[in-house]
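# Overview (structure and organization)
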Amino acid sequence: MGNPNYTTHLGMVDILPGDVERWHFIENLIRDTARTFHFKEIRTPILEDTGLIARGIGGDTDIVSKEMFAFERGDDRYVLRPEGTAPAVRAYIQHTLHQRGGSQKLFYIGPMFRAERPQKGRQRQFHQFGAEILGSADALADAETIALMHTLYRRLGVAHITLKLNSVGEPESRKTYREALRDYFRPHFHLLSEISQKRFDTNPMRILDSKEPEDRPLIEGAPLIREYLDADSAAHYRQLQKHLDRLGIPYEEDPYLVRGLDYYTRTAFELTSSDLGAQDALGGGGRYDLLVEELGGPATPAVGFAVGLERLLIVADALNLPLGGEKRLDVYIVTRGDEARKWALKHLRPLRDTGLSASMDLQARSMKAQMKEADREAARFVLLVGDDELASGSVTLRDMDASTEETVHFPEALRRMVGVAEG
Ligand code: AMP
């Protein structure tokens, strides 16, 4: 067997030291933003029941029909979760979270899996931050969800974002709309792309989603859902717009923004960024008043969103936003001789117990090689320990930024380093 080629690792991406700090930054920002909105974190398993996911997302979608990583074990069918809403709803039902009263405001961060064609901004394992409000039909809940999503990008400093907004109404009003769409597309059927021809019967609203160039001119003339909205959905939509105005969150109405499934109701939204390139969607969401019931729970109106973290990092990079890099090392102990190495091993502990990061040579290398490593790790301080120091009970403390050094007892060295780290 030859060496395996790891260069294109199946659309899965490693996050290496130097990069992982950027992830911590984003994750901390997300958790802190969610905290200020009083959303609570939920963590669900990465594997879900295939049937649940198929029902939750819809068998007609690309995700379920061709992008699932699914397998069987005995009688059980598992899928690597492709999204977080169905799992969150499953947990909500399973643990009767509705009994906790009021509406539940939940969020999650984690890896999702879809067998898509990998490209920039599109991976087979990617990460999402998502939030759901379960138990409120009020347009305030939609506004609160959108505000959380919007606040994250505002706090990050991403300016060129566009919130697209639409209402897809109720299943009943959508039936009439679907018929209107079929009537409109029927005479042009032969001009539609193959995929849209398939959707003509199954779900003509999804033709409006099509990215195929031959569909675009036809879509532009299609009837708009707003002309078919039921009165309650139209009022809800107007309410939401007023709330967004009050919050100072700008939006653009996009009549072609659709979520084709019957569990989706009323609000649909998407956040895009002109700094992203071809895959310009940062995230999206909407209302899904019928999903909890569909998955076997009590009738529970709900609204939520999911945003992609890789895309968020791409935007942050495009804008040169500072996300924090690798942390420098506080102290490196450079040793000469066996006794000094033993001393160092023992003294790492009091250093670390004060909260300083501390490291030493693990390969019995020369002092020169050790100094090189201290430089490479951008150590703030170096402690030099050799026979002389051990005999006199002191250490040489080198301040790497000031390029000064002095010989002091260890407790004094410790006191000074902690002082600098805290200052
Ligand atoms: P969705 O769950 O399909 O509504 O996607 C929500 C967001 O997740 C998208 O707007 C993207 O930012 C992100 N996303 C979805 N699929 C992928 C993928 N394959 N790779 C990277 N990000 C993705």
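Residues numbered from 1 in each chain as written. Predicted model: local features only at pLDDT ≥ 70, side-chain atom pairs only at ≥ 80, totals over all residues. Heavy atoms only, no water.

## What about the overall build of the protein chain?
Inclusion rule: Helix numbers and strand numbers start at the N terminus; a helix is a DSSP run of H or I with at least 4 residues, a strand a run of E with at least 2. Radius of gyration: over C-alpha atoms. The globule rule applied is 2.2 Å multiplied by the number of residues raised to the 0.38 power. Each residue gets one of three labels from its accessible area relative to the maximum for its type: buried under 20%, exposed over 50%, partly exposed in between, using a 1.4 Å probe on protein chains only.
Looking only at helices and strands, the protein chain features 15 helices and 16 strands. On C-alpha atoms alone, the protein chain measures out to a radius of gyration of 28 Å, which is more than a quarter above the 22 Å that the 2.2 N^0.38 rule sets for 423 residues. Reported as C-alpha extents along the three principal axes, the dimensions of the protein chain are approximately 95 × 55 × 45 Å. The proportion of buried residues among the 423 residues of the protein chain is 50%.

## Brief notes about the side chain of Thr145
Threshold: Polar contacts here mean pairs of N or O atoms no more than 3.5 Å apart (in protein, one a potential hydrogen donor and the other a potential acceptor; neighbouring residues in sequence count only if both atoms are side-chain atoms). Throughout, a residue-residue contact means that at least one pair of heavy atoms, one from each residue, lies within 4.5 Å.
Position of Thr145 relative to the elements: it lies in helix 5 (residues 139–156). Residue Thr145 is classed as buried on the basis of its relative accessible area of 0%. Among the polar contacts made by the side chain of Thr145, one reaches the main-chain carbonyl oxygen of Ala141 at a distance of 2.5 Å. Not counting residues within four places of it along the chain, the set of residues in contact with Thr145 comprises Ala131, Ile133, Val303, Gly304 and Phe305.

## Describing the sheet that holds strand 8 (residues 252–253)
Put simply, the test is: Should DSSP find at least two bridges between two strands, the strands are taken to pair. For helices, the fitted axis covers only the stretch in contact; all axes are lines through C-alpha atoms, and the angles between them, taken along N-to-C directions, range from 0 to 180 degrees.
One open sheet holds the eight strands; their spatial order is 1-5-6-11-10-9-7-8, and the pairing between them is mixed. If you trace the sheet from one side to the other, it starts and ends with strand 1 (40–41) and strand 8, each paired once. Bridge count between strand 10 (residues 281–287) and strand 11 (residues 302–308): five bridges; the pairing is antiparallel. Residue Arg287 lies in a different strand from strand 11, and its bridge partner there is Val303. Across the sheet, helix 11 (residues 309–318) lies against strand 5 (104–113), strand 6 (125–134), strand 9 (265–273), strand 10 and strand 11, angled at about 110 degrees from strand 6, the strand it touches most.

## Let's talk about the pattern of salt bridges
Operational definition: Any carboxyl oxygen of Asp or Glu that lies within 4 Å of a side-chain nitrogen of Lys or Arg is treated as forming a salt bridge with it.
Summed over the entire model, instances satisfying the criterion amount to 31 salt bridges. Where Arg206 meets Asp209, a salt bridge forms, and the shortest distance between an N and an O atom there is 3.8 Å. Its relative accessible area of 12% is what places Arg206 among the buried residues. Exposure remark for Asp209: the relative accessible area of 28% places this residue in the partly exposed category.

## Quick word on the side chain of Thr272
Position of Thr272 relative to the elements: it lies in strand 9. Every residue in contact with Thr272, bar those within four places of it in the chain, is listed here: His160, Ile161, Thr162, Lys164, Asp280, Ala281 and Leu282.

## Structural notes on the site of the ligand
Going by this rule: Only a single heavy atom is needed: when it lies within 4 Å of a molecule or strand, its residue is near that molecule or strand. For the accessible areas, the method is Shrake-Rupley and the probe is 1.4 Å, while residue cover comes only from the protein chains on display.
Arg114, Glu116, Gln123, Gln128 and Leu282 are the nearest of the 13 residues found near the ligand. In the model, a nitrogen atom of the ligand is placed 2.8 Å from a nitrogen or oxygen of the Gln123 main chain. One of the backbone nitrogen or oxygen atoms of Gly308 is found 3.3 Å away from an oxygen atom of the ligand. Relative to its free-state accessible area of 490 Å², the ligand is covered by the protein chains to the extent of 85%. Sorting the residues of the shell around the ligand by element identifies strand 6, strand 10 and strand 11 as the ones contributing at least two each. Broken down by element, the shell around the ligand gets its largest block of residues, three residues, from strand 10.

## So, the environment of Arg311
Here Arg311 lies in helix 11. Along the primary structure Arg311 and Ser273 are separated by 38 residues, whereas in three dimensions their C-alpha atoms are 9.5 Å apart. If we ignore the near neighbours within four places in the chain, the residues touching Arg311 are Gly121, Arg122, Leu276, Gln279, Ala281 and Leu282.

## Some points on the pairing of strand 14 (residues 381–385)
Within strand 14, five of the five residues are buried, leaving the element largely enclosed by the surrounding structure. Taken together, the four bridges between strand 14 and strand 15 (residues 394–399) define a ladder with antiparallel strand orientation. The residue bridging Phe381 from the neighbouring strand is Asp399, located in strand 15.

## A word on a negative patch on the surface
The condition that has to hold: Two distance rules govern patches: like charges are joined within 9 Å, and nonpolar side chains (Val, Leu, Ile, Met, Phe, Trp, Tyr) within 5 Å, applied only to residues with over 30% relative accessible area and no salt bridge. Charge assignment in this entry is limited to Lys and Arg as positive and Asp and Glu as negative, and neither His nor the chain termini are counted. To locate a charge, take atom NZ for lysine, CZ for arginine, CG for aspartate or CD for glutamate.
A contiguous patch of negative charge, built from Asp49, Glu72, Asp75 and Asp76, is present on the exposed surface. Relative to the helices and strands, Asp75 is located in the loop between strand 3 (70–73) and strand 4 (76–80).

## Overview of the packing of aromatic side chains
Operational definition: Note on ring pairs: Phe, Tyr and Trp rings are taken, using the six-membered ring of Trp, and paired if centres are within 6.5 Å. Classes follow the plane angle, with under 30 degrees stacked, over 60 edge-to-face and the rest tilted. By the criterion adopted, a ring carries a charge over it if an Arg CZ or a Lys NZ lies within 6 Å of its centre and within 35 degrees of its normal.
Per the stated rule, a full pass over the model turns up seven aromatic pairs. Plain terms: the ring middles of Phe189 and Phe200 are 5.2 Å apart, the flat faces sit at 80 degrees to each other, and that makes the pair edge-to-face. Linking Phe189 in the loop between helix 6 (171–185) and helix 7 (194–202) with Phe200 in helix 7, this pair joins segments that are 11 residues apart in sequence. For Phe200, a relative accessible area of 7% translates into the label buried. Ring centres of Trp343 and Phe410 lie 5.5 Å apart, and the angle between their planes is 85 degrees; this geometry places the pair in the edge-to-face category. Here Trp343, found in helix 12 (residues 338–353), pairs with Phe410, found in helix 15 (residues 410–422); they are 67 residues apart in sequence, far enough to count as distant. Overall, Trp343 belongs to the buried group, its relative accessible area being 16%. Among the aromatic side chains, those forming a connected cluster through ring pairs are Phe107, Phe129 and Phe305. Its guanidinium or amino end placed over the ring of Phe381, Arg380 lies 4.8 Å from that ring's centre, counting from NZ or CZ.

## Quick notes on the environment of Met367
Looking at where Met367 falls in the secondary structure, it is placed in helix 13 (residues 367–376). Given a relative accessible area of 25%, Met367 falls into the partly exposed group. Along the sequence, Met367 and Arg43 sit 324 residues apart, while their C-alpha atoms lie 47 Å from each other. Aside from chain neighbours lying at most four places away, what touches Met367 is Val334, Thr335, Arg336 and Leu384.

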